[in-house]
Amino acid sequence: MFHVSDHHGDFSSRTRCVWVTGPVIVGAGPSGLAVAACLKEQGVPCVVLERADCIASLWQKRTYDRLKLHLPKKFCQLPKLPFPEDFPEYPSKKQFISYLENYAKKFDINPQFNESVQSAKYDETCGLWRVRTTSTTTGSSATASNRAEVEYICQWLVVATGENAENVVPEIEGLSHEFAGQIIHACEYKSGEDYRGKRVLVVGCGNSGMELSLDLCNHNAFPSMVVRSSVHILPREIFGRSTFELAVMLMTWLPLWLVDKLLLIMAWLVFGSMSNYGIQRPSMGPLTLKNTQGKTPVLDIGALERIKSGDIKVVPAIKRFFKGAVQFVNGEVLEIDSVVLATGYRSNVPSWLQETEFFSKNGFPKTPFPNAWKGKSGLYAVGFTRRGLSGAASDATKIAEDIGKMWKEETKQKKTTKACHRRCISQF
Ligand SMILES: Cc1cc2nc3c(=O)[nH]c(=O)nc-3n(C[C@H](O)[C@H](O)[C@H](O)COP(=O)(O)OP(=O)(O)OC[C@H]3O[C@@H](n4cnc5c(N)ncnc54)[C@H](O)[C@@H]3O)c2cc1C
Ligand SMILES: NC(=O)c1ccc[n+]([C@@H]2O[C@H](COP(=O)([O-])OP(=O)(O)OC[C@H]3O[C@@H](n4cnc5c(N)ncnc54)[C@H](OP(=O)(O)O)[C@@H]3O)[C@@H](O)[C@H]2O)c1
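Numbering of residues starts from 1 in each chain and follows the order in which that chain's sequence is written. All chains are assigned letters beginning at A, and all ligands numbers beginning at 1, according to the order in which they are written. In keeping with the predicted nature of the model, local features appear solely for residues at pLDDT of at least 70, side-chain atom pairs appear and are counted solely at 80 or more, and the whole-chain, interface and lining totals rest on all residues.

## With respect to the sheet that holds strand β17 (residues 313-315)
Read across the open sheet, the 5 strands follow the order β10-β21-β11-β12-β17; overall the sheet is parallel. This sheet does not close on itself; its edge strands, each paired only once, are β10 (182-185) and β17. Neighbour to neighbour, the strand axes of the sheet diverge by 20° on average, direction disregarded. The rule for pairing is simple: two strands pair if DSSP sees at least two bridges between them. By the criteria applied, helices consist of DSSP H or I runs no shorter than four residues and strands consist of E runs no shorter than two, each listed in order from the N terminus. Alignment of β10 against strand β21 (residues 338-341), held across 4 bridges, turns out to be parallel. Following the sheet pairing, Ile-184 is matched in β21 by Val-340. In this fold helix α4 (residues 207-218) packs onto β11 (199-203), β12 (222-226) and β21, with an angle of close to 165° to the strand it touches most, β12. For helices, the fitted axis covers only the stretch in contact; all axes are lines through C-alpha atoms, and the angles between them, taken along N-to-C directions, range from 0 to 180 degrees. In this description, any two residues whose backbone-derived C-beta atoms lie within 7 Å of each other are considered to be in contact.

Here is the structure:
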């Protein structure tokens, strides 16, 4: 990449303009790192922009201490670097972060940290993307120069900001003004240590809600978990084998609806009926639900046992909060000390990407898997197929191959192209 010019655009302060010869990747999570590594192998340089001050900020800053990968490691590794052999089947968060740090080091990926992308727009006139960032550095160390905004100009834009970029925080009557106890989102929760002896309402029963409730129990807190609709809970392992792996294997032979039926029979054999504990299953099977609505089944690592024993109390949807208490839709009132909102996450793509053909309003590509990785005019998306890390790895490989092919063509006509781009930039 090289610096082109300083100019005053519609940004409030000085904007630096940078021409990038390869793609710009937005996000240095596992997806962005995977694309950068695969591009490196193709000899394509790139710029990775990251709003946080580290790689994999979701994992480093927005997850709890006890977190482990919930799929076997072979389904979570990024392209071109397997997990170390001595890692357990389900690596811990710490191990996963160390793997990612090694990954970035091995492929010499050096993201531009503390740069948050504010907008990205395709300039039809020049056939180039204009990506604007502001510095996220705060505090006294932020000098006038490192606060400056930057405009990156590039031919290819890779969106790698993740399915979980922002927290979902529901508005519930009385929560912000009357309740008066501690309220956090699951992404701020680190450990149950701070909640010892406290009555905690966990709102949401996805993988986060279940695992935080379990962690609270393990620290002698008293969790109540809100289950407002239905949820599929599957054991993480069935007959000593990963349920996910079993499902993947069955899907190569059998139709989805039949695999769903088999999974539910196996879950019933392991758990028995869950309706006695206030948990209803959706009418659609777990894999069909995941494919059609993106709703992830819970892979249980022990919470269900604590629900059965009464250590985790299951409660219905919330009506409203009062000072130190919550009322549910069935009229029951429960006194509580704290609230943890395990209410999920959302994509932030619509807030910065000025494009509506490939991405929909919910921040996910409109085309389903396996065609959700490539848009028009050099736009790509990685990690938006609700298939976790294995989905991201597969997108990354395809994106790098695609850009790699064009890169080779482009470098053949390098002289002509460069001259043309320079002419375009001078018009900005
Ligand atoms: C608690 C939790 C546990 C999970 N466990 C698993 C698991 O075990 N297995 C699995 O396969 N998946 C799991 N997932 C799913 C998870 O989404 C993936 O593992 C993985 O983190 C996705 O990588 P990503 O790079 O696409 O997104 P992220 O890891 O979210 O990375 C996106 C990056 O983009 C940056 N960014 C966002 N917006 C901007 C912007 N405007 N400008 C610049 N940078 C920006 C973010 O700061 C972030 O660093 C889990 C998710 C959560 C929340
Ligand atoms: N160990 C792991 O690897 C691990 C751990 C945690 C998370 N994850 C992953 O991280 C991603 C996010 O999981 P998540 O559990 O944080 O989010 P999620 O799966 O989106 O679950 C959100 C939960 O919040 C509930 N909810 C939302 N608004 C509510 C409201 N106003 N009142 C009551 N309930 C409300 C939802 O209920 P409804 O269903 O009724 O909408 C749902 O139960 C998933 O991909 C998950 O697999 C993985």
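## So, the domain arrangement of the chain
Looking at the assigned domains, one finds that the chain contains domain 1 (16-164 + 347-418) and domain 2 (169-344). Residue ranges for the domains originate in an automatic or database domain assignment. Averaged C-alpha coordinates put domain 1 and domain 2 at centres separated by 31 Å. Every contact between the two is made by 9 residues of domain 1 and, on the other side, 14 residues of domain 2. For the side of domain 1 that touches domain 2, the class distribution of residues is 4 nonpolar, 1 polar and 4 charged. Ten residues, namely Ala, Val, Leu, Ile, Met, Phe, Trp, Tyr, Cys and Pro, are considered nonpolar, four, namely Asp, Glu, Lys and Arg, are considered charged, and the remaining ones, Gly among them, are considered polar.

## What to know about the site of ligand 1
Near ligand 1 lie 36 residues; those nearest to it are Gly-27, Gly-29, Gly-162, Gly-383 and Gly-388. Of all elements in the fold, only α1 (30-41), α2 (57-61), β5 (115-123) and α10 (388-412) reach the threshold of two or more residues within the shell around ligand 1. Along the lines of polarity and charge, the residues of the shell around ligand 1 split into 18 nonpolar, 15 polar and 3 charged. Each residue receives a C-beta atom placed from its backbone. It is near a molecule or strand if this atom lies within 6 Å of it.

## Some points on the sheet that holds strand β18 (residues 318-322)
Paired through backbone hydrogen bonds, the strands of a sheet run either parallel or antiparallel to each other. Read from one edge of the open sheet, 3 strands run β18-β19-β20, paired in antiparallel fashion. At either end of the open sheet lies a strand with only one pairing partner, and these are β18 and β20 (333-335). Ignoring strand direction, the axes of neighbouring strands in this sheet form an average angle of 20°.

## Considerations on α1
In an α-helix, one turn spans 3.6 residues; hence positions three or four apart end up facing the same way. The end-to-end C-alpha distance of α1 is 17 Å, a good match for the 16 Å that 12 residues give at a rise of 1.5 Å each. Within the sequence span of α1, burial applies to Pro-30, Ser-31, Gly-32, Leu-33, Ala-34, Val-35, Ala-36, Ala-37, Cys-38 and Leu-39. Taken from the residues just after α1, Gly-43 is the one with a positive phi, measuring 80°. Any helix carries an expected span of 1.5 Å times its number of residues minus one. Once C-beta atoms are placed from the backbone, each residue is buried if 20 or more other C-beta atoms lie within 10 Å of its own, exposed if 12 or fewer, and partly exposed for counts between those two.

## Digging into unusual backbone geometry
Only a minority of non-glycine residues have a phi that is not negative, and only a minority of peptide bonds are not trans. Put simply, Phe-369 and Pro-370 share a cis peptide bond, and its omega is 5°. For Pro-370, the location among the structural elements is in the loop between α9 (349-352) and β23 (379-381). Backbone geometry places Asp-108, a non-glycine residue, at a positive phi of 55°. Structurally, Asp-108 is set in the loop between α3 (93-106) and β5. Despite not being glycine, Arg-386 has its phi angle at roughly 50°, a positive value. Here Arg-386 lies in the loop between β23 and α10.

## Some points on the site of ligand 2
Neighbouring ligand 2 are 24 residues, the closest being His-70, Gly-204, Gly-206, Ser-208 and Gly-344. With 4 residues, the top contributor of residues to the shell around ligand 2 is α4. Here the shell around ligand 2 is built from residues that sort into 11 nonpolar, 10 polar and 3 charged. Counting contributing residues per domain, the shell around ligand 2 is built from domain 1 (16-164 + 347-418) and domain 2 (169-344), each supplying no fewer than three.

## Some details on α3
A rise of 1.5 Å per residue sets the reference length of α3, with its 14 residues, at 20 Å; its end C-alpha atoms lie 20 Å apart and thus fit the reference within 8%. When we look at burial in α3, the residues that qualify are Phe-96, Tyr-99, Leu-100, Tyr-103 and Ala-104. Buried positions in α3, seen along its axis, are confined to an arc of 135° and lie on one side of it. Set apart from the buried face of α3 by more than 90 degrees, the exposed residues are Lys-105 and Lys-106. As for α3, its buried residues are in contact with α1 and α2. In the segment just after α3, Asp-108 is the residue with positive phi, at about 55°. Regarding the arc, it is the one traced by the directions from the helix axis to the C-beta atoms.

## Some points on the nonpolar core
Generally speaking, soluble globular proteins have nonpolar side chains that are buried together. Here, a nonpolar core means buried Ala, Val, Leu, Ile, Met, Phe, Trp, Tyr and Cys residues linked by C-beta atoms lying within 7 Å of one another. Judged by nonpolar contacts, the single largest core of 65 residues is most densely connected at Val-24, Leu-33, Val-35, Leu-157, Val-158 and Val-382. Top element by residues in this core is α10. It accounts for 8 residues. Not counting residues within four places of it along the chain, the set of residues in contact with Val-35 comprises Ile-25, Val-158, Ala-160, Val-382, Ala-396, Ile-399 and Ala-400. Listed in part, the 39 residues of the second largest apolar core include Met-225, Ile-312, Phe-321 and Val-326.

## Focus on the packing of helix α5 (residues 243-251) against helix α6 (residues 256-271)
The geometry of α5 relative to α6 is characterised by a closest axis approach of 9 Å and an angle of 145° between their N-to-C directions. Crossing of α5 over α6 shows right-handed handedness. Of α6, the residues touching α5 (which contributes Ala-247, Leu-250 and Met-251) are Leu-256, Val-259, Leu-262 and Leu-263. Considered class by class, the residues forming the contact of α5 with α6 number 7 nonpolar, no polar and no charged. Definitions for this section: a left-handed crossing has its near helix turned counterclockwise from the far helix by less than a right angle. A right-handed crossing has that turn clockwise.

## Focus: the confidence of the model for the chain
Low pLDDT marks regions whose predicted coordinates should not be analysed in detail. Summary of the metric used: pLDDT quantifies the predictor's per-residue confidence within the range 0 to 100. Confidence in the prediction of the chain, expressed as mean pLDDT, is 92, and 91% of residues score 70 or more. Confidence over residues 4-11 falls short of pLDDT 50; this stretch has 15 contacts with residues more than four positions distant or in other chains.

## Some details on the pairing of β12
In terms of strand pairing, β11 meets β12 through 5 bridges, oriented parallel. Considered in β12, the bridge of Val-202 is made with Met-225. The handedness of a crossover follows from its direction of travel: if, with the strands pointing away from the viewer, the path from the first strand over the helix to the second runs clockwise, the crossover is right-handed. For the segment spanning β11, α4 and β12, crossover handedness is right-handed. Sheet analysis places β12 next to β17, joined by 3 bridges and oriented parallel. Paired with Val-226 across the bridge in β17 is Val-315.

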